[in-house]
2 protein chains.
Amino acid sequence: MHATLRDPEPPLTRSVEDYLKAIYHLSSQGGFAATSDIAALLEVAPPSVSGMVKRLSETGLIEHVPYRGVQLTAQGRRAALRMIRRHRVLEVYLSQQLGYDWDGVHTEAERLEHAVSDELIERMAKALGDPQYDPHGAPIPTAAGEIEEAELVPLADAPIGAVIEVRQVADEDAARLRYLAEQGLTPGTLLTVTERQPFNGPTIAKLRPSGEARVVGQELARSLWCRVVTP
Amino acid sequence: MHATLRDPEPPLTRSVEDYLKAIYHLSSQGGFAATSDIAALLEVAPPSVSGMVKRLSETGLIEHVPYRGVQLTAQGRRAALRMIRRHRVLEVYLSQQLGYDWDGVHTEAERLEHAVSDELIERMAKALGDPQYDPHGAPIPTAAGEIEEAELVPLADAPIGAVIEVRQVADEDAARLRYLAEQGLTPGTLLTVTERQPFNGPTIAKLRPSGEARVVGQELARSLWCRVVTP
DNA sequence: TCAAGTGATTAGCATATGCTAAGACTGATC
DNA sequence: GATCAGTCTTAGCATATGCTAATCACTTGA
Ligand SMILES: [Mn+2]
Ligand SMILES: [Mn+2]
Ligand SMILES: [Mn+2]
Ligand SMILES: [Mn+2]
């Protein structure tokens, strides 16, 4: 008996979709998403999360271990990846076809992701030539629900002397994105890490090939995800 | 004391926006929108409309005369026209830029209209060269809230012998739109009305310049809005 | 081993939106 | 002018989602 056949499955609400995405992001490093972390990410009060967690586990979208946290079920993960695909395809579309800057697309996509049809997303993806990454370097899941898992390290942890490539940047803070663009720290940029100051100080790196130096504070260096090219 | 200055005005919900559009359409011929007509158009029960009507009049978006119906206030009319602009710009964009057929755009726009930002709508309008009409011939309000008011008659009422131009077609029913496209009855088409059968029978017209005849049943002829070129 | 402290949950409430069933009003008809 | 059919509103309820205040439970340090 497939539940999907017996039950017409009401469409997920906007809230549910955002919770699933949040849980995906928070538990992607393996492990549980904590109530308080979900609350912080979605900017709601912890009891609101507890309430939603109850509903989502009753629906079979998540597993809940009380006082531990939650994890997505296979069904929940599918739903989350579908939303992430929508979000990232929208971001690419807005930036390529409608002239949005990379710091403006996230907010717009955050609302649109809940309103577009699958058909529209696939038309956009096709018009863009099926992009693999969003404007911030994040991989776009396929329509089938597969996603690239790259081994990235924050710039803050990159070994001194290594040549690294900036691959992905956290996209929620528009001001940060504008600053990074100014500094030329965008996905695809190659850097040589030259120095790291103690006591959570900045990482210093040289742009390649120009050799220009960049001093990147701890907080920023935590949000720049890089691939180590040569250690 | 401007309420807009005192009060940050919470954004309208999706439901409210759809009610305002419905009331606009139902009262555009002047007069009141009746509870039952709103209910039918939005596919909700009449008591749901009564409830919403109470909230909307408390907010100052509509005037309610009990047992009579409702009308938009100036503020409500502005909000309604903003939604209609969004809806129609989206329809044009989907059809011109993303290859949608004219029978598919309405449903997609009905959801997207609530999720897009004003900025996105204006970017789309600009990319399209500020279109004046949607794919079904309906006029697009300006960003300032002005809308063309054309004198149109349903094909069902067009005088025999007149030359008329199809200007606008009701867009909610996809099957009807597909049929009309097949028949070549799209905005811009010129027709000579040759005959109308009695007892609410069909209108018969010739396509210009080809001269091909079209027999259009009463129901369909009520949804084809035309401009009389020469009586 | 236990008592604090932190984080999670429950209790109780609010708002927006929908429903059905019951009652109230209006306009047309005799 | 009384009656009735149809329309509209009110009453009462349900669901989804959020909040604050109070309570509970796990972890950790004494
Ligand atoms: Mn979202
Ligand atoms: Mn992104
Ligand atoms: Mn709508
Ligand atoms: Mn239309």
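Not measured: the values here are computed from a predicted model.

Caption draft 1: Inspection of the coordination of the manganese ion (ligand 4) at higher detail. Residues and elements named next belong to chain B. For the manganese ion (ligand 4), every protein donor is listed as Glu91 (OE), Asp134 (OD), His136 (ND1) and Asp171 (OD), and the spread of their distances is 2.1 to 2.4 Å. Mapping the donors of the manganese ion (ligand 4) onto the primary sequence yields the spacing E-x42-D-x1-H-x34-D. Linking histidine 136 in the loop between α7 (118-127) and β3 (153-154) with aspartate 171 in the loop between β4 (163-169) and α8 (174-183), this pair joins segments that are 35 residues apart in sequence. Across the pair, exposure class does not vary: histidine 136 and aspartate 171 are buried alike.

Caption draft 2: View of the protein's contact with DNA strand C. Surveying the vicinity of DNA strand C reveals 21 residues, the closest of which are A:Ser36, A:His64, B:Thr13, B:Ala45 and B:Ser48. Among the atoms of DNA strand C lying within 4 Å of the protein, the sugar-phosphate backbone contributes 72%. Interatomic distance of 3.1 Å between a side-chain N/O atom of A:Ser50 and a phosphate oxygen of DNA strand C. Contact between DNA strand C and B:Ser48: a phosphate oxygen at 2.4 Å from a side-chain N or O atom of the residue. For the surface near DNA strand C, the secondary structure elements donating two or more residues are α3 (35-42) and α4 (46-59) of chain A together with α2 (14-27) and α4 (46-59) of chain B. Of the residues belonging to the surface near DNA strand C, the class tally is 11 nonpolar, seven polar and three charged.

Caption draft 3: α7(B), seen in detail. Burial in α7(B) covers these residues: B:Leu120, B:Ile121, B:Met124 and B:Ala125. All buried residues of α7(B) lie within an arc of 135° about the axis, which places them on one face of the element. Those residues of α7(B) that are buried are in contact with α5 (74-97) and α6 (105-112) of chain A together with α5 (74-97) of chain B. The positive-phi residue at the C-terminal boundary of α7(B) is B:Gly129, with phi of around 75°.

Caption draft 4: Up close: the interface of chain B and chain A. On the chain A side, the residues contacting the 17 residues of chain B number 17 residues. Of the roughly 1,400 Å² buried between chain B and chain A, counting both surfaces, carbon and sulfur atoms make up 56%. A per-residue breakdown of the area chain B buries against chain A is headed by B:Leu98, B:Ala115 and B:Arg123, which together make up 36% of the total. Summed over the shared surface of chain B and chain A, the result is zero salt bridges. At the boundary of chain B with chain A, the tally comes to 11 residue pairs in polar contact (both at pLDDT 80 or more). Counting residues per element, the ones that place at least two in the side of chain B that touches chain A are α5, α6 (105-112) and α7 of chain B.

Caption draft 5: Broad picture of the nonpolar core. A:Leu98, A:Leu120, B:Leu98 and B:Leu120 are the most contacted members of the largest nonpolar core, which has 36 residues in total. When contributions to this core are tallied by element, the ones reaching two or more residues are α5, α6 and α7 (118-127) of chain A together with α5, α6 and α7 of chain B. The contact partners of A:Leu120, leaving out residues within four places of it in the chain, are B:Leu94, B:Leu98, B:Tyr100, B:Glu108 and B:Leu112.

Caption draft 6: Expanded view of the packing of aromatic side chains. The tally for this structure, following the rule as stated, stands at zero aromatic pairs over all chains. The ring of B:Tyr100 carries A:Arg123 above its face, with NZ or CZ at 4.4 Å from the centroid.

Caption draft 7: Summary view of the pattern of salt bridges. Scanning the model with the defined rule gives 26 salt bridges over all chains in all. As a salt-bridge pair, A:Glu110 and A:Lys21 come within 2.9 Å of each other at their nearest N and O atoms. Here A:Glu110, found in helix α6, pairs with A:Lys21, found in helix α2 (residues 14-27); they are 89 residues apart in sequence, far enough to count as distant. There is no split in this pair, since A:Glu110 and A:Lys21 are both buried. Note that B:Asp118 and B:Arg82 form a salt bridge whose closest N and O atoms lie 3.1 Å from each other. Pair noted here: B:Asp118 is in helix α7 and B:Arg82 is in helix α5, with a separation of 36 residues, a long-range link. For B:Arg82, a relative accessible area of 37% puts it in the partly exposed group.

So, how was this worked out
Residues numbered from 1 in each chain as written. Chains lettered and ligands numbered in written order. Predicted model: local features only at pLDDT ≥ 70, side-chain atom pairs only at ≥ 80, totals over all residues. Heavy atoms only, no water. Donors = N, O, S within 2.8 Å, 3.2 Å for Na, K, Ca; no water. Helix = DSSP H or I, 4+ residues; strand = E, 2+ residues; numbered from the N terminus. Buried < 20%, exposed > 50% of the residue type's maximum accessible area, 1.4 Å probe, protein only. Near = heavy atom within 4 Å. Polar contact = N/O pair within 3.5 Å; in protein donor to acceptor, adjacent residues only side chain to side chain. Nonpolar A, V, L, I, M, F, W, Y, C, P; charged D, E, K, R; others polar. Arc of directions from axis to C-beta. Contact = heavy atoms within 4.5 Å. Buried area = accessible area lost by both parts, 1.4 Å probe. Salt bridge = Lys/Arg side-chain N within 4 Å of Asp/Glu carboxyl O. Core = buried A, V, L, I, M, F, W, Y, C linked by side-chain atoms within 4.5 Å. Phe/Tyr/Trp six-rings, centres within 6.5 Å; stacked < 30°, edge-to-face > 60°. Lys NZ or Arg CZ within 6 Å of the ring centre and 35° of its normal.

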